[in-house]
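Here's the letter readout for the chains.
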Amino acid sequence: MSEFAGGFTSRKRPPSPRSSVLIIDDIYTTGATVNAAIQAFKLRKIKVAGVVALATTASPKSSPRSLSSMG
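Keep in mind that what you see is a predicted model, and the values were worked out from it rather than measured. (Residues numbered from 1 in each chain as written. Predicted model: local features only at pLDDT ≥ 70, side-chain atom pairs only at ≥ 80, totals over all residues. Heavy atoms only, no water.)

Draft legend 1. Spatial organisation of the overall build of the protein chain. A tally of regular secondary structure across the protein chain gives one helix and two strands. Listing the helices and strands of the protein chain from first to last along the sequence gives β-α-β. Counting only residues that meet the buried cut, the protein chain has 21% of its 71 residues in that class. Partitioning the contacts of the protein chain with sequence separation of at least 6, the portion at a separation of at least 24 is 78%. With the model as given, the accessible surface of the protein chain reaches about 5300 Å², and the carbon-plus-sulfur share is 56%. (Helix = DSSP H or I, 4+ residues; strand = E, 2+ residues; numbered from the N terminus. Buried < 20%, exposed > 50% of the residue type's maximum accessible area, 1.4 Å probe, protein only. Contact = heavy atoms within 4.5 Å. Areas by Shrake-Rupley, 256 points an atom, 1.4 Å probe, with all protein chains shown as cover.)

Here it is in C-alpha cells:
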C-alpha cells in the first residue's frame, strides 16, 4: 500500500463526518487502491458504506477482503 500513501486528497469542503460514502473502483486486482481509499476516509472519520468494483481479476478460489472490516 506504500505506493498509494498520500494518493487520495479531499475537496476544499470534505464530506461531513456524519456522511457515508460508496467507493467505486474500475477494477479490483489486489485491493490496494480500495484499501488506501478506505484508510483515507477512516482518517476523516467518514464511514464507507461499501465498495463496488466493475471488474475483478480475482480467481474463483480467492475472494476480496471482507467489507465488514471497513468499520
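Draft legend 2. Up close: the nonpolar core. Core analysis: the biggest nonpolar cluster contains nine residues, these being Val-21, Ile-23, Tyr-28, Val-34, Ala-37, Ile-38, Ile-46, Val-48 and Val-51. Contributions of two or more residues to this core are made by β1 (20–25), α1 (32–43) and β2 (47–53). Per-element accounting of this core gives the leading share, three residues, to α1. When near neighbours in sequence (up to four residues on either side) are disregarded, Ile-23 contacts Val-34, Ala-37, Ile-38, Phe-41, Val-48, Gly-50, Val-51 and Val-52. (Core = buried A, V, L, I, M, F, W, Y, C linked by side-chain atoms within 4.5 Å.)

Draft legend 3. A look at the environment of Thr-56. Among the secondary structure elements, Thr-56 is positioned in the segment after β2. In the structure, Thr-56 is positioned 26 residues away from Thr-30 in sequence and 9.1 Å away in space, judged by C-alpha atoms. Residues in contact with Thr-56, not counting those within four places in the same chain, are Ile-27 and Tyr-28. A polar contact of 3.1 Å, which involves the side chain of Thr-56, links it to the backbone oxygen of Tyr-28. (Polar contact = N/O pair within 3.5 Å; in protein donor to acceptor, adjacent residues only side chain to side chain.)

Draft legend 4. Local environment of the confidence of the model for the protein chain. Taken over all residues, the pLDDT of the protein chain has a mean of 75, while the share at 70 or more is 58%. Looking across the protein chain, the model is least confident in α1, with a mean pLDDT of 89, and most confident in β2, with 92. (pLDDT = per-residue confidence, 0-100.)

Draft legend 5. Focus on the pairing of β2. Pairing of β1 with β2 involves six bridges; the strand directions are parallel. By the bridge assignment for β2, Ser-20 is matched with Lys-47. Considered for its hand, the β-α-β crossover made up of β1, α1 and β2 is right-handed. (Pairing = 2+ DSSP bridges. Right-handed = clockwise from strand over helix to strand, strands pointing away.)

Draft legend 6. Structural view of unusual backbone geometry. Residues other than glycine seldom take positive phi values, yet Lys-45 does so here, at roughly 60 degrees. Take Lys-45: it is sitting in the loop between α1 and β2. What makes Lys-45 exposed here is its relative accessible area of 65%.

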